[in-house]
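The primary structure of each chain is shown beneath.
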Amino acid sequence: MTADLVNSTAFPTEETERRLGDMLDRLRTGTDWLLSPEVYRGDSFQGVLRKGGEALRISLVARAILKAEHPDLDLRVALGIGAIGRLTDRPGTSDGEAFRLSGLLADVMKKEEARIALALPVPSEPVKAALILLESVVEKWTSAQAEVMLRLLTGFSMSEIAEALRISQPAVSQHAQAAKWWAVEPLIHTFDQLIQAFYSYD
């Protein structure tokens, strides 16, 4: 996973680093990282997930954190799935197909509409199409909707979300409906199957 902040140049470097650091602290918790994400170039980070099928959910969690707390910021995420040739204790010094695919994708994503993209060693246009369609949903999340989606993405129930946010359950349900959780959830649950229809990494 290679990601960079969108619109980061509109803020002082110290503020950008703080916002990115806060997001990564939360992202590291409860996530099965093979190599924990680390910051590079000030407004970007790279990490290695143990399970490729988790990549979409974690990408959405990261974006929901930012959208909930900093609506003026967003994240561009390049996911590379493939072999790892050299694994060190840091993403930045590791190497292999997955790292190169992710890095190359991150370089070209600025020209793309979707802010979550996946690169596989083989052609996978249907996956790209699904992520483009997903973007039409995620880009419209408000701060309140992102707060609810963040908790749904991390396993909270509707009642637990209502208690955590101190709002009614019907309000939680309304936010989830408006954020299209009913459409996002099936894609997350079948993302591993979608990937493995083109490339098996077992």
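Scroll up to find the structure this text is about.
Residues numbered from 1 in each chain as written. Predicted model: local features only at pLDDT ≥ 70, side-chain atom pairs only at ≥ 80, totals over all residues. Heavy atoms only, no water.

Visitor: Looking at this structure, how should I read the layout of surface pockets?
Guide: Reported here for the largest pocket is a volume of approximately 390 Å³. If you go around the largest pocket, you meet 22 residues; those closest to its centre are V48, L49, G80, I81 and A98. Elements that contribute at least two residues to the lining of the largest pocket include exactly β3 (44-49), β4 (74-80) and α3 (97-108). Counting residues per element, the lining of the largest pocket draws most heavily on β3, at four residues. (1 Å grid on protein atoms, 1.4 Å probe; cavity = no way out; pocket = protein on both sides within 12 Å on 5 of 7 lines; lining within 4 Å. Points joined across faces, edges and corners; volume = space filled by probe spheres on them. Helix = DSSP H or I, 4+ residues; strand = E, 2+ residues; numbered from the N terminus.)

Visitor: What's the story with the sheet that holds β4 in this structure? I'm lost.
Guide: Adjacent strands of a sheet pair through backbone hydrogen bonds, lying either parallel or antiparallel. Within the open sheet, the five strands sit side by side as β2-β3-β1-β4-β5. Their pairing is mixed. The outermost strands of the open sheet, each flanked by one partner alone, are β2 (33-40) and β5 (116-119). Ignoring strand direction, the axes of neighbouring strands in this sheet form an average angle of 15 degrees. Sheet topology places strand β1 (residues 2-6) next to β4; five bridges connect them, and they run antiparallel. (Pairing = 2+ DSSP bridges. Axes fitted to C-alpha atoms, helices over the stretch in contact; angles between N-to-C directions.)

Visitor: Even after reading the chapter, I still don't get the nonpolar core, so can you show me in this structure?
Guide: When a protein is soluble and globular, its nonpolar side chains tend to lie buried together. Of all hydrophobic cores here, the largest spans 49 residues; its most connected members are M23 and L60. Looking at which element gives the most residues to this core, the answer is helix α2 (residues 55-69), with nine residues. Contacts of M23, omitting those with residues within four sequence positions, involve F45, A62, I65, L66 and L75. Counting residues in hydrophobic clusters, the runner-up holds seven residues, among them A78, A106, A117 and A119. (Core = buried A, V, L, I, M, F, W, Y, C linked by side-chain atoms within 4.5 Å. Buried < 20%, exposed > 50% of the residue type's maximum accessible area, 1.4 Å probe, protein only. Contact = heavy atoms within 4.5 Å.)

Visitor: What should I look at first to understand helix α1 (residues 13-28) in this one?
Guide: At 3.6 residues per turn, the α-helix brings residues three or four places apart onto the same side. Counted at 1.5 Å a residue, the expected span for α1 with its 16 residues is 22 Å, and the 22 Å between its end C-alpha atoms agrees. Looking only at α1, the buried set comprises T16, R19, L20, M23, L24 and L27. Looking down the long axis of α1, one finds its buried residues gathered within 130 degrees of arc, a one-sided arrangement. On the buried face of α1, the contacting elements are β1, β2, β3, α2 and β4. (Expected span 1.5 Å × (residues − 1). Arc of directions from axis to C-beta.)

Visitor: I would appreciate a short explanation of the side chain of D74 in the present structure.
Guide: Of note, D74 is situated in strand β4. With a relative accessible area of 5%, D74 lands in the buried category. Reaching out from D74, the side chain makes a polar contact with the side chain of R63 at a distance of 2.9 Å. (Polar contact = N/O pair within 3.5 Å; in protein donor to acceptor, adjacent residues only side chain to side chain.)

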